[in-house]
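Examining the three-dimensional arrangement
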Amino acid sequence: MTVGESSDVVIQAEERTNEIVEDGTVISGFTMEQYLAARDAIKALPESSDKERLLDKLALVEQAMTNMGIEYE
């Protein structure tokens, strides 16, 4: 993966994550489709600080789903 390709996938993962988490808060009304798109985009990233940061945001969504009794695995 080239540097340009790497930054493109990070940007895509950030965009997908920003659809469901804003300023550290899970956006109400997010869909499972949005969650899965963000999760898959993050999982496709190479190991990096960007991936860890986005996984932390995704964990907020997963905790919200757990609290709502929604299965996501």
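Above this text you will find the structure in question.
Overview of the structure. Remember, predicted model here, so these are calculated numbers, not experimental data. (Residues numbered from 1 in each chain as written. Predicted model: local features only at pLDDT ≥ 70, side-chain atom pairs only at ≥ 80, totals over all residues. Heavy atoms only, no water.)

This part is about helix α3 (residues 49–68). Here α3 contains 20 residues, and its C-alpha end-to-end distance of 29 Å stays within 8% of the 28 Å for a straight helix at 1.5 Å per residue. For α3, the full list of buried residues reads Lys 51, Leu 54, Leu 58, Val 61, Glu 62, Ala 64 and Met 65. Taken end-on, α3 shows its buried residues confined to a sector of 155°, consistent with a single buried face. Exposed residues pointing more than 90 degrees away from the buried face of α3 are listed as Ser 49, Asp 56 and Asn 67. Between the side-chain oxygen of the N-cap and the backbone nitrogen of Asp 50 there are 3.3 Å, and the N-cap of α3 in question is Ser 48. Phi turns positive, to about 75°, at Gly 69, one or two residues after α3. (Helix = DSSP H or I, 4+ residues; strand = E, 2+ residues; numbered from the N terminus. Expected span 1.5 Å × (residues − 1). Buried < 20%, exposed > 50% of the residue type's maximum accessible area, 1.4 Å probe, protein only. Arc of directions from axis to C-beta. Polar contact = N/O pair within 3.5 Å; in protein donor to acceptor, adjacent residues only side chain to side chain.)

Once that is clear, we can look at helix α2 (residues 32–43). For α2, built from 12 residues, the straight-helix expectation of 16 Å at 1.5 Å per residue is met to within 8% by its first-to-last C-alpha distance of 16 Å. Turning to α2, its buried residues number three or more, namely Tyr 35, Ala 38, Arg 39, Ala 41 and Ile 42. On an axial view of α2, the arc spanned by its buried residues comes to 165°, and they lie on one face. Opposite the packed face of α2, turned more than 90 degrees from it, sit the exposed residues Glu 33 and Lys 43.

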